[in-house]
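Chain by chain, the residues run as shown.
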Amino acid sequence: MAEMEVKRVEFIKWPMSNHREQELVNEVVASGNWWRMTGDKVKTFEKNFAEYHNAKYCLGVSNGTVALEVAMAALDIGAGDEVIVPANTFISTVTAVIYCNAKPVVVDVEPDYFCIDASKIEAAITPRTKAIIPVHMAGHACDMDEICRIAKKHKLYIIEDASHAHGAEWKGRKVGNFGDIATFSCQNGKLMTSGEGGVILTNNEELYERLYLIHTGGRPKGDKLYRHVLLGSNYRLSEIQAALLIAQLERLPELTEKREIHAEKLDKLMCSIEGIIPQKRDSAVTINPHYMYMFYYDSSKFGNVSRNEFVELLNQEGVPAYVSYPVVSNTEFFKENRFRSHIKEAITVLDSDVVNAKRIEDEVIWLPHYVLLGEEAHLEYIAEVIKKLKKSFAENV
Ligand SMILES: *Cc1c(COP(=O)(O)O)cnc(C)c1O
């Protein structure tokens with residue numbers, strides 16, 4: 001049988017940049033001020049990023065992983081403490097907890113929004129629990145009403161892992177305003193990027209002062225006498241990274257709006273295909289910047305072609321697609337409790353406690369946010385390719 005003809009399209013390339021990035025980076029290079037201690041780009045970026053999120057304090061750091069580690073340190077979380085994390089997230093959410101010698105307690109996610117299941121948090125709280133790290137999965141904010149209620153009741157810190165969620169909102173309020181600290185990643189694929197980079201927000205002045213000290217070897221602002229007033233390390237963002245991020249942030253609102261419109265359109269196209277179910281949207285989410293477009297793939301509706309094989313086939317058709325994160329406790333080091341000297345006790349996570357995360361590990365496919373930054377033709381192409389592949393499997397049976 002003749003194959004269905006689908007005219008191939010080229011997707012938008014990421015990272016995206018123009019004269020603005022070039023201009024700002026050139027300014028840094030020419031100025032000779034390449035680090036935050038003498039330049040003004042990191043300060044400007046911090047001011048702009050805080051303003052955009054209606055947050056009081058912002059700190060640029062080297063990446064999103066250390067942003068979490070610095071947050072843990074600022075809250076003095078360490079040996080003997082427990083921190084609640086979602087079962088489905090990028091591994092840094094969990095490794096940051098282990099690096100400060102605390103124990104990650106894994107809680108399942110819910111199946112529609114892929115965020116931590118707030119109704120399962122209380123059962124995981126013990127006298128040792130210090131904090132909850134909700135991850136705003138793929139840009140979809142977690143149920144912050146419920147998470148804030150639980151944290152208040154049990155006197156727990158909240159660290160929002162907003163690595164996917166620059167500019168996201170829950171009931172009209174920007175992420176970064178619900179917990180004690182919020183962290184963001186500006187790694188190469190993220191919604192705004194300097195190749196590597198991270199950001200921390202807080203509304204608490206005292207915490208901000210601690211975060212600042214920890215990120216620069218414990219030295220107070222302006223110190224020339226090698227005072228190290230608390231234990232810190234070097235997690236500073238450079239002026240060149242900040243120059244890129246100033247430009248990237250200027251473009252973010254426009255790109256977010258485009259992704260919102262295109263995600264809704266892609267939802268319509270995808271929902272018409274039997275066996276494809278996209279991540280749903282809670283009505284309390286007022287902005288979802290769509291870091292990833294995630295969907296379940298039911299292989300039984302696709303001639304039993306496996307999810308992994310299907311991702312390969314999408315890639316061959318020029319559609320950038322990836323398999324979802326594994327359940328964090330199913331990663332090799334975690335499963336075998338290879339925590340080095342950080343945690344001595346074994347951690348067992350039962351399969352029956354992470355059923356939804358396991359289904360996401362096995363069945364979910366994600367497309368990167370830049371597939372939503374092109375034209376409608378790109379969205380149609382994605383749906384047409386999926387239908388074409390589906391038809392070819394049916395014909396091969
Ligand atoms: C990307 C990411 C991080 C880590 O950020 P890096 O900048 O890559 O270190 C942390 N948490 C989540 C959920 C992420 O996706």
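So, here's what we can say about the structure.

The rules behind these values
- Residues numbered from 1 in each chain as written.
- Predicted model: local features only at pLDDT ≥ 70, side-chain atom pairs only at ≥ 80, totals over all residues.
- Heavy atoms only, no water.
- Pairing = 2+ DSSP bridges.
- Helix = DSSP H or I, 4+ residues; strand = E, 2+ residues; numbered from the N terminus.
- Axes fitted to C-alpha atoms, helices over the stretch in contact; angles between N-to-C directions.
- Buried < 20%, exposed > 50% of the residue type's maximum accessible area, 1.4 Å probe, protein only.
- Polar contact = N/O pair within 3.5 Å; in protein donor to acceptor, adjacent residues only side chain to side chain.
- Contact = heavy atoms within 4.5 Å.
- Near = heavy atom within 4 Å.
- Areas by Shrake-Rupley, 256 points an atom, 1.4 Å probe, with all protein chains shown as cover.
- Right-handed = clockwise from strand over helix to strand, strands pointing away.

Overview of the sheet that holds strand S5 (residues 157–161)
The seven strands lie next to each other as S1-S9-S8-S5-S4-S2-S3, forming an open sheet whose pairing is mixed. Since the sheet does not close on itself, it has two edges, and those belong to strand S1 (57–61) and strand S3 (103–107), each with one partner. In this sheet, adjacent strand axes meet at a mean angle of 25 degrees when their direction is disregarded. When S1 meets strand S9 (residues 198–202), the two strands line up antiparallel, connected through five bridges. Residue pairing for S9: Tyr 57 is matched across the bridge by Thr 202.

Topic: helix H3 (residues 64–74)
Burial analysis of H3 places nine of its eleven residues in the buried class, which makes it a mostly covered element. For H3, the complete set of buried residues consists of Gly 64, Val 66, Ala 67, Leu 68, Glu 69, Val 70, Ala 71, Met 72 and Ala 74. N-capping of H3 is provided by Asn 63, with a side-chain oxygen placed 2.9 Å from the backbone N of Thr 65. Where H3 terminates, the next one or two residues include Asp 76, which has phi positive at roughly 55 degrees.

Some words on the side chain of Asn 88
Along the polypeptide, Asn 88 turns up in the loop between strand S2 (82–86) and helix H4 (92–99). The exposure class assigned to Asn 88 is buried, which follows from its relative accessible area of 1%. There is a polar contact of 3.2 Å between the side chain of Asn 88 and the backbone oxygen of Tyr 325. Sequence-distant contacts of Asn 88, that is, excluding residues within four places in its chain, are made with Val 109, Met 137, Ser 324, Tyr 325, Pro 326, Ala 357, Ile 360 and Glu 361.

Regarding the site of the ligand
Close to the ligand lie 16 residues; Gly 64, Thr 65, His 164, Ser 185 and Lys 190 are nearest. Contact between the ligand and Thr 65: an oxygen atom at 2.5 Å from a side-chain N or O atom of the residue. When the ligand is considered free in solution it has 380 Å² of accessible area, and contact with the protein chains removes 94% of it.

A closer look at the pairing of S5
With four of its five residues buried, S5 lies for the most part within the structure. The pairing of strand S4 (residues 129–132) with S5 spans two bridges and is parallel. Opposite Ile 132, over in S5, you have Ile 158 as the bridge partner. You can see the chain leave S4, run along helix H5 (residues 144–154) and come back into S5, and the turn it takes is right-handed. Two elements, S5 and strand S8 (residues 181–185), share three bridges in a ladder whose sense is parallel. Residue pairing in the sheet places Ile 159 in a bridge with Ile 181 of S8.

Observations concerning the environment of Asn 177
Considering the arrangement of structural elements, one finds Asn 177 in the loop between strand S7 (173–174) and S8. Looking at Asn 177, the relative accessible area reads 13%, which means it is buried. Each C-alpha atom, one on Asn 177 and one on Ser 62, is 22 Å from the other, the two residues being 115 residues apart in sequence. When near neighbours in sequence (up to four residues on either side) are disregarded, Asn 177 contacts His 53, Asn 54, Ala 55, Glu 160 and Asn 203.

Some points on the pairing of strand S14 (residues 364–368)
Here S14 lies mainly inside the structure; five of its five residues are buried. Residues Val 364, Trp 366 and Pro 368 of S14 are buried on one face, and the alternating residues Ile 365 and Leu 367, pointing to the opposite face, are buried as well. Looking at chain direction, strand S12 (residues 292–297) and S14 are connected through five bridges and run antiparallel. Looking at the pairing, Met 294 lines up with Trp 366 of S14. The pairing of strand S13 (residues 322–323) with S14 spans two bridges and is antiparallel.

Here we look at the sheet that holds strand S11 (residues 285–287)
Sheet architecture is open: three strands sit in the order S7-S6-S11, paired in antiparallel fashion. Strands at the two margins of the open sheet, each flanked by one partner only, are S7 and S11. Inspection of the sheet shows strand S6 (residues 169–170) paired to S11 by two bridges, in the antiparallel sense. Its bridge partner being in S11, Trp 170 is matched across the sheet by Val 285.

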